[in-house]
Amino acid sequence: MQVANQIRDILTAEFAPLELKIIDDSSKHAGHSGADPRGESHFSVLVVSDKFDGENRVNRQRLVYGALNELLKERVHALALKTMTPAEFKAAQEN
């Protein structure tokens with residue numbers, strides 16, 4: 001299974017996101033330290049979920065890192081996260 005699909009499956013099960021975007025940035029890091037020759041090692045992820053209500057940015061990211069713990073240990077070298085509540089996402093869309 002592709003790593004991006006694994007990320008999608010895990011985050012969907014854990015956060016029931018209203019919006020989920022996963023971008024594979026691995027090609028930008030080819031040849032760099034930590035770059036996996038198989039690809040799919042660097043990702044940018046947007047997660048919009050009600051589960052982030054009342055959580056600060058650091059706690060939100062900890063929740064996501066916890067959910068993806070095994071992939072981060074074994075396969076994913078870098079993960080750029082943007083975590084938002086639905087209200088924050090809506091406000092960002094309106095601006």
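Here the structure is a predicted model, which is why all the values come from computation and not from measurement. (Residues numbered from 1 in each chain as written. Predicted model: local features only at pLDDT ≥ 70, side-chain atom pairs only at ≥ 80, totals over all residues. Heavy atoms only, no water.)

### Observations regarding the overall build of the chain
Part 1 of the argument: Per the secondary structure count, the chain includes four helices and three strands.
Part 2 of the argument: Secondary structure elements in the chain, listed N-terminal to C-terminal, are α-β-β-α-α-β-α.
Part 3 of the argument: Put simply, the chain has 95 residues, and 37% of those count as buried.
Part 4 of the argument: Long-range contacts, defined here as pairs at least 24 residues apart, represent 65% of the contacts in the chain between residues at least 6 apart.
Part 5 of the argument: About 5,800 Å² of surface is accessible on the chain, with carbon and sulfur atoms providing 48% of the total. (Helix = DSSP H or I, 4+ residues; strand = E, 2+ residues; numbered from the N terminus. Buried < 20%, exposed > 50% of the residue type's maximum accessible area, 1.4 Å probe, protein only. Contact = heavy atoms within 4.5 Å. Areas by Shrake-Rupley, 256 points an atom, 1.4 Å probe, with all protein chains shown as cover.)

### Here's the deal with the sheet that holds strand S1 (residues 19-24)
Part 1 of the argument: What the three strands build is an open sheet, ordered S1-S2-S3; its pairing is mixed. One side of each edge strand has no neighbouring strand; the edge strands of this open sheet are S1 and strand S3 (78-84). Between one strand axis and the next, the sheet turns through 10 degrees on average, direction left out of account.
Part 2 of the argument: In this sheet, strand S2 (residues 42-48) lies alongside S1 in antiparallel orientation, the contact comprising six bridges. Note that in S2 the partner of aspartate 24 across the bridge is phenylalanine 43. (Pairing = 2+ DSSP bridges. Axes fitted to C-alpha atoms, helices over the stretch in contact; angles between N-to-C directions.)

### Digging into unusual backbone geometry
Part 1 of the argument: Positive phi, normally seen in glycine, also occurs at alanine 16, with a value near 40 degrees.
Part 2 of the argument: Residue alanine 16 is classed as exposed on the basis of its relative accessible area of 56%.

### Here we look at the environment of glutamate 14
Part 1 of the argument: Within the secondary structure, glutamate 14 sits in helix H1 (residues 3-15).
Part 2 of the argument: Taking the C-alpha atoms as reference points, glutamate 14 and serine 49, separated by 35 residues in sequence, lie 9.8 Å from one another.
Part 3 of the argument: Aside from chain neighbours lying at most four places away, what touches glutamate 14 is Lys51 and Ala67.

### Considering the packing of H1 against helix H2 (residues 57-67)
Part 1 of the argument: Where H1 contacts H2, the two axes come as close as 10 Å, and the packing angle between them is 125 degrees. Compared by their axis directions, H1 and H2 come out oblique. As for how H1 packs across H2, the hand of that crossing is right-handed. Every residue of H2 that contacts H1 at Ile10, Leu11, Glu14 and Phe15 is listed here: Leu63, Val64 and Ala67.
Part 2 of the argument: A breakdown of the residues in the contact of H1 with H2 according to their chemical character gives six nonpolar, no polar and one charged. (Parallel < 35°, antiparallel > 145°, perpendicular 65-115°, else oblique. Left-handed = near helix turned anticlockwise from the far one by under 90°. Nonpolar A, V, L, I, M, F, W, Y, C, P; charged D, E, K, R; others polar.)

Remember that the coordinates give geometry; whether it matters functionally is a separate question.
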